[in-house]
Amino acid sequence: MSYSYAPLLFFAAIGAAFAVFSVVGAGALAGPKRYNRAKLEAYECGIQPTPQARGGGRIPIKYYLTAMLFIIFDIESVFLYPFAVAFDKMGLFALVEMVLFIITVFVAYAYVWRRGGLEWD
Amino acid sequence: MTLLAAPAFQAPNLAYGRLSPLLIIFGVALVGVVVEAFAPRELRYQIQSLLALAGLVVAFISDVLVASSSPFSSSAGTGAFGGIEAQGAIAVDGPAMFVWGILLVMTLVSVLLVAERRLEGGLTAFAGQASALPGTEAEREASARGIEHTEVFPLVMFAVGGMMLFASANDFLTMFVGLEVFSLPLYLLCGLARRRRLISQEAAMKYFLLGAFSSAIFVYGIAMVYGFAGSFTFADVDNAISSRVGADGLLLLGMGLMGVGLLFKVSAAPFHSWTPDVYQGAPTAITAFMSACTKLAAFAALLRVFYVALGGARWDWQPVVWIVAIITMAVGSVIAITQTDIKRLLAYSTIAHTGFLLTAFAGAYQGTIVLTNQVSSLQAVLFYLVAYGFSSIGAFAVVTMVRDSSGEATHLSRWAGLGKESPVVAGAMALFLLSFAGIPLTSGFTSKWAVFTAAWEGGAWPLVIVAVVMSLVAAFFYIRIIVLMFFSDPVGEGPTVVLPSMLTSAVVTVGAAVTILLGVVPQPVLELARHAGEFVR
Amino acid sequence: MSPTPFLVLSALLFSIGAIGVLVRRNAIVVFMCIELMLNAGNLAFVSFARQVGNLDGQVAAFFVMVVAAAEVVVGLAIIVTIYRTRRSASVDDASLLKY
């Protein structure tokens with residue numbers, strides 16, 4: 001009975017190891033090591049804290065772009081949930097359909113990437 | 001609280017061959033996005049325009065092949081042929097294949113207009129960089145460097161794919177998805193004009209807010225009908241109505257709300273208020289595309305919903321359609337008289353035409369199955385939209401050619417004396433206007449005749465009388481423009497007709513040819529529409 | 001459990017959204033009201049799915065959500081563009097096109 005929970009434990013272990021590695025190990029191994037005053041500030045993740053956002057408290061337009069791209073790719077994943085629940089019952093057909101769907105989403109992704117939608121500046 | 005048991009899954013049997021026109025269009029649109037991502041900037045215009053045109057031609061050929069190989073369905077006695085594909089989601093029947101073919105041809109003509117570059121001095125009529133603020137250095141630099149948004153081609157392809165899906169949807173969910181797939185690209189296309197960008201952006205915002213509002217109402221209507229019938233497919237809704245199982249209140253509410261959503265798309269009064277603003281603000285090539293293709297797809301969907309799914313409740317919706325038809329004809333014909341902008345005037349003209357089409361819709365004449373010279377309401381509406389679509393694209397193509405230093409000269413006063421400047425262009429415009437007015441020997445006359453006959457046979461004769469009176473009122477302002485073009489003296493330096501490239505000339509020629517041909521020998525197309533038969537159930 | 005309370009709630013949400021579209025002046029707020037109407041539709045779909053006992057309504061809710069997201073993206077793009085041009089997102093200020 002407990003045997004059937006083994007894969008779950010296995011995945012949890014892999015996930016935990018990945019999380020520990022990417023937080024602790026990866027940065028130390030691969031990240032650039034430059035220190036400046038802003039990084040030692042209390043919060044704001046290394047960005048100079050300013051009393052107000054630029055432009056009189058308005059949020060820069062760049063955030064809207066990020067938000068829009070996030071929404072569209074986020075919601076596409078909604079179709080993966082019904083698929084994930086029943087993919088074993090639906091067989092090859094559903095797999096092929098899902099691959100086609102993901103290719104379609106990737107076409108949009110490729111467009112955004114090539115047109116600089118993922119660059120901050 | 002038990003979970004609903006999912007039925008055993010069966011892989012749907014998709015008839016890829018029969019759905020090939022749709023699949024080709026969506027495939028080409030996707031390839032267009034890939035081209036946009038990876039092709040070098042200098043080549044994009046050529047690749048995109050050729051890709052779009054080739055895709056439309058191939059899709060049209062496959063549509064003809066599908067239509068010529070479709071057997072009559074089991075219900076041949078009803079005069080319908082073709083079948084319902086994709087697990088009941090899409091009806092590939094005679095009217096659907098007819099609408100697909102016409103949509104593809106009219107889109108092909110519109111794409112020629114979209115691809116026109118000579119009128120703007122080597123660039124398309126779409127904003128070089130939509131994100132640059134109007135009147136800034138960034139905008140001038142973009143246009144000096146010859147940057148242009150070739151995304152318009154994939155957007156048009158997505159729009160026409162959505163229209164095809166919308167016109168052939170056989171359940172409400174597919175219909176809603178089709179509605180949005182063609183609306184969203186159109187909202188964007190409306191805001192992409194190179195000249196007068198403030199107006200263009202304003203048109204896009206108005207179209208978007210009102211369009212989204214109407215589709216939200218449409219969704220709620222679908223929810224109500226689903227609550228009534230317990231299913232989305234049209235046949236099930238029809239069964240539920242004829243067996244009177246559900247709650248009548250839900251049906252009436254759902255029917256009303258869905259009607260609002262669909263009547264918005266065909267721009268029937270009182271849901272027409274977006275039409276003049278959007279038609280005036282949008283780039284003229286897109287206005288031409290919308291006036292021909294959106295209207296055809298939306299009418300096909302409107303008729304399919306109300307005849308196939310809600311046909312059993314005809315006594316409930318027919319009186320409302322009567323009233324809407326009268327208001328629409330009156331609003332379109334009367335307000336058009338006061339217009340001073342040619343694009344706005346053509347927008348009110350399109351509202352009036354919607355009213356004329358609604359008379360046949362209200363008549364709901366089934367036709368006779370025996371081959372006679374009668375056409376049913378559906379066939380008359382389809383024929384009318386073919387005739388109107390080509391005249392309308394031609395008229396907007398002429399609008400793109402009459403220009404002054406600031407772009408298109410759309411104010412009517414600038415059109416005075418156009419006949420002296422360019423008799424050919426003014427003559428073509430006069431032909432289109434006469435067709436809109438319904439003068440004999442133009443397509444406008446034969447199509448009005450077909451629609452009014454169907455309405456009369458269906459018992460909507462008071463509507464026909466109103467329609468004839470309104471046609472006379474409408475004829476007044478069409479004739480007024482013709483008089484203005486040929487018998488008035490130019491004001492100031494007068495209008496100039498810029499010589500376009502082959503593309504726009506071809507569009508005007510095709511528009512004029514179809515307008516005359518359908519006026520003189522309407523039989524082939526009328527026969528084709530009659531051969532398309534009725535909706536499959 | 002009867003779905004009626006959920007349907008009443010959905011009708012209320014739909015009405016609030018529709019009234020909001022008609023009376024509010026900021027394009028973003030108008031747009032949020034439209035989203036509220038779509039979500040009212042979703043609630044109705046799911047409630048009816050429970051009432052009639054099939055899954056169609058739940059599937060419809062998925063599709064409406066995705067379409068609403070696509071609409072958000074297109075709508076935000078248009079509204080942000082017009083805001084940058086005019087420094088205002090009021091529906092009343094956009095009035096070059098009339099009569």
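Refer to the preceding data block for the structure.
Residues numbered from 1 in each chain as written. Chains lettered and ligands numbered in written order. Predicted model: local features only at pLDDT ≥ 70, side-chain atom pairs only at ≥ 80, totals over all residues. Heavy atoms only, no water.

Chemist: An account of the environment of L189(B) is requested, with residue identities and associated values reported.
Modeler: Residues and elements named next belong to chain B. Considering the arrangement of structural elements, one finds L189 in helix α6 (residues 172-190). Judged by its relative accessible area of 0%, L189 falls in the buried class. Between the alpha carbons of L189 and L155 there is a distance of 7.5 Å; along the sequence they are 34 residues apart. Setting aside residues up to four positions removed in sequence, L189 forms contacts with V152, L155, V156, P283 and I286. (Helix = DSSP H or I, 4+ residues; strand = E, 2+ residues; numbered from the N terminus. Buried < 20%, exposed > 50% of the residue type's maximum accessible area, 1.4 Å probe, protein only. Contact = heavy atoms within 4.5 Å.)

Chemist: With reference to specific residues and values, describe the sheet that holds strand β5 (residues 496-497) of chain B.
Modeler: All names here are of chain B. The strand order β4-β3-β5 describes an open sheet built from three strands, whose pairing is antiparallel. The open sheet has two edge strands, β4 (407-408) and β5, and neither has a second partner. Two strands pair when backbone bridges link them, and strand β3 (residues 402-404) and β5 are joined in this way by two bridges, in the antiparallel orientation. What sits directly across from R403, in β5, is T496. Seen against the sheet, helix α14 (residues 377-401) touches β3, β4 and β5 and runs at an angle of roughly 25° to β3. (Pairing = 2+ DSSP bridges. Axes fitted to C-alpha atoms, helices over the stretch in contact; angles between N-to-C directions.)

Chemist: I'd love a proper account of the interface of chain C and chain B, names of residues and values included.
Modeler: Between chain C and chain B, the contact holds 49 residues from the first and 47 residues from the second. Interface area, chain C with chain B, both sides summed: about 4,100 Å², of which 78% is carbon and sulfur. On the surface where chain C and chain B come into contact, there are one salt bridge. Of the charged contacts, one joins R86(C) and E202(B) as a salt bridge, the two residues approaching to 3.0 Å between their closest N and O atoms. (Buried area = accessible area lost by both parts, 1.4 Å probe. Salt bridge = Lys/Arg side-chain N within 4 Å of Asp/Glu carboxyl O.)

Chemist: Residue-level account of α6(B), with values.
Modeler: All names here are of chain B. Taking 1.5 Å per residue, 19 residues should reach 27 Å; α6 reaches 27 Å between its end C-alpha atoms and fits that length. Counting buried positions along α6 gives 17 out of 19 residues, so the element sits mostly inside the fold. You can read the cap of α6 off the contacts: a side-chain oxygen lies 3.1 Å from the backbone nitrogen of L173, and it is on D171. (Expected span 1.5 Å × (residues − 1). Polar contact = N/O pair within 3.5 Å; in protein donor to acceptor, adjacent residues only side chain to side chain.)

Chemist: Outline the pairing of strand β1 (residues 82-85) of chain B, supporting the account with residue identities and numerical values.
Modeler: All names here are of chain B. Pairing between β1 and strand β2 (residues 90-93): four bridges, direction antiparallel. Residue pairing for β2: G82 is matched across the bridge by D93. Between β1 and β2, which follow one another and run antiparallel, lie four residues, and A86 among them has a positive phi close to 55°.

From the geometry alone we can't say anything about function, so treat these as descriptive.
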